Amino acid sequence: MSLVDSYRRRGKKPSPFPTSEPATTPVGDGAVTTYTYGSDLYADMIEAIEGAEQQILFETYIWKGDEVGERFKQALADAAARGVDVYCIYDGFANLVVSPVFKHFPRGMKVLRYPIHPAGWRVLDLKRYGRDHRKILVVDSRVGFVGGYNIGAAYETEWRDTHVRITGPGIWDLQRAFADLWNAHHHRRVGRSEPPLLLETAATWEPHIRFQRNMPRLWIFPIRGMYLEAINRASRNVWITTAYFLPDQDFVDALKDAAARGVDVRLLVPLKSNHIVADWISRGYFSQLLAAGVRILRFKDAMVHAKTATVDGTWSTVGTANIDRLSLQGNYEINVEVIDAGLAEQLEQVFLLDQTNCLELTMGEWQARDLHRKFTEALLGPLRPLL
């Protein structure tokens, strides 16, 4: 099915979709800027890299070897050449199709390829199988970026995603997240003896911002709990955007319970994602969600890859974790959780703009789907615990 879907997409370009300009909201002792278009985000990320004076921490799941990937690689190499400490992490498995030539980096850059098979000889140790699905950039302890955007030309203009730029004390936790992963795996850099990454960061807490990060090696997965706590406390609205919706039944029940007590629950997903199997499996939850009063909105003509949510105009999250088993109970992920009415309002405006490009699924339309779709959903149902 994946091969057929890939063939059908060949040569097809997504249609334009509505986007908003980057918007900055004061949060605590810093600020959060929201990006919904890759070109805007990449320009500010490159500007931050080019202005770096001391240190750059760069981590991405996918790093394409195209013109955008080369632009980032050159900016990082130039920073290293002028004496900036440049640390980079990318996922080996996610970049198997990227040219090996692109993966040769100047010696001044410290680069960690997260291993293709992280378990090594410990094939039965499930804690060692998580992929590094995070996307992080921190420059000089003064500005940080985190969200759903990978690095590549398609993501710059063709995919609808969400990223945030953070300033203030919240950056220090983002630095620690990078350093923890680097120090856990830097010894795998074959042929080099690299010391651990030691950071001097303040112990100040930013009360409005928390970074929730999944750590498979420690069997810690707080992002799922973060979502469930927010949904269970909701009294007005729960608006969620996710690229892939393959949760466990407890997560589905939380959304249904919220809708049953009168909460406006909306789920925004792609009409057609880049993974057809994920689409088919996720539809297995639609009957019970629609019956409970959850609104299902399907983003058309382009891939929506954002991982965001807002609750009651107060709580919001932006990050790398999809609402699926791999993200919530398998991969290295990071989400920023923000308690701030201003940012929640900004993300609600983004959601409403995205909704103008959506087709809402009705119960009548869902019940009228043809027999082969029902058969496929039932056939792929057993795969849900694996995805």
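Here the residue index of a chain counts from 1 through its sequence in written order. Only residues with pLDDT of 70 or above have their local features reported here, since the model is predicted, and side-chain atom pairs are shown and tallied only from 80 upward, although totals for entire chains, interfaces and linings are computed over all residues. To obtain the side-chain values, all non-hydrogen atoms of the structure were used and water was disregarded.

Draft legend 1. Region of the structure containing empty space enclosed by the protein. Definitions used for this entry: grid spacing 1 Å over protein atoms alone; cavity, a set of points where a 1.4 Å probe fits but cannot get out; pocket, an open set with protein on both sides within 12 Å along at least 5 of 7 lines; lining residue, one with an atom within 4 Å of a point. Grid points are joined across faces, edges and corners, and a volume is the space filled by probe spheres set on the points. For the coordinates displayed, the defined rule picks out 2 cavities of 30 Å³ or more. Here the largest cavity is characterised by a volume of approximately 70 Å³. The wall of the largest cavity is formed by Arg 160, Thr 162, Trp 239, Thr 241, Thr 308, Ala 309, Thr 310, Leu 347, Val 350, Phe 351 and Asp 354. Strands here mean DSSP runs of E at least two residues long; helices mean DSSP runs of H or I at least four residues long; both are numbered from the N terminus. At the level of elements, strand S11 (237-241), strand S16 (308-311) and helix H11 (341-355) are the ones that each hand at least two residues to the lining of the largest cavity. For the lining of the largest cavity, the element with the highest residue contribution is H11, accounting for 4 residues. Nonpolar residues are Ala, Val, Leu, Ile, Met, Phe, Trp, Tyr, Cys and Pro. Charged residues are Asp, Glu, Lys and Arg, and all others, Gly as well, are polar. Class assignment of the residues belonging to the lining of the largest cavity gives a composition of 5 nonpolar, 4 polar and 2 charged.

Draft legend 2. Region of the structure containing the side chain of Glu 348. Its location among the elements puts Glu 348 in helix H11. Contacts are assigned to residue pairs with any non-hydrogen atoms lying within 4.5 Å of each other. Residues contacting Glu 348, with those up to four places away along its chain left out, are Arg 236, Asn 237, Trp 239, Thr 310 and Gly 313.

Draft legend 3. The sheet that holds strand S14 (residues 295-299), seen in detail. Two strands form a pair only when DSSP identifies at least two bridges running between them. The 8 strands lie next to each other as S10-S19-S17-S16-S11-S13-S14-S20, forming an open sheet whose pairing is mixed. The strands lining the two open edges of the sheet, one partner per strand, are strand S10 (209-214) and strand S20 (358-361). Looking at each pair of strands side by side, their axes are set apart by 15° on average, direction ignored. Pairing of S11 with S16, which is carried by 4 bridges, proceeds in the antiparallel orientation. By the bridge assignment for S16, Ile 240 is matched with Ala 309. An axis is simply a line fitted to the C-alpha atoms; with a helix, the fit covers only the stretch in contact. Between two such axes, the angle follows the N-to-C directions and lies from 0 to 180 degrees.

Draft legend 4. Up close: the sheet that holds strand S5 (residues 109-114). Taking strand neighbours across the sheet as the criterion, the 8 strands line up as S1-S2-S9-S7-S6-S3-S4-S5 in an open arrangement whose pairing is mixed. Since the sheet does not close on itself, it has two edges, and those belong to strand S1 (23-27) and S5, each with one partner. The average angle at which neighbouring strand axes cross in this sheet is 15°, direction not considered. Here 5 bridges tie S1 to strand S2 (residues 30-35), and the two strands are oriented antiparallel to one another. Counterpart to Thr 24 in the pairing with S2 is Thr 33. The strands that helix H2 (residues 38-50) touches are S2, strand S3 (55-60), strand S6 (136-139), strand S7 (143-147) and strand S9 (163-167); relative to S7, the one it contacts most, it runs at about 145°.

Draft legend 5. Unusual backbone geometry, seen in detail. Despite not being glycine, Asp 140 shows a phi value in the positive range, around 55°. Among the secondary structure elements, Asp 140 is positioned in the loop between S6 and S7. The buried label goes to any residue with under 20% of its type's maximum accessible area, the exposed label to any with over 50%, and the partly exposed label to all in between, with areas taken from a 1.4 Å probe on protein chains only. Classification of Asp 140 by relative accessible area gives buried; the value is 13%. Positive phi values are uncommon outside glycine, yet Trp 219 reaches one of about 60°. With respect to the secondary-structure elements, Trp 219 resides in the loop between S10 and helix H6 (222-233). Classification of Trp 219 by relative accessible area gives partly exposed; the value is 48%.

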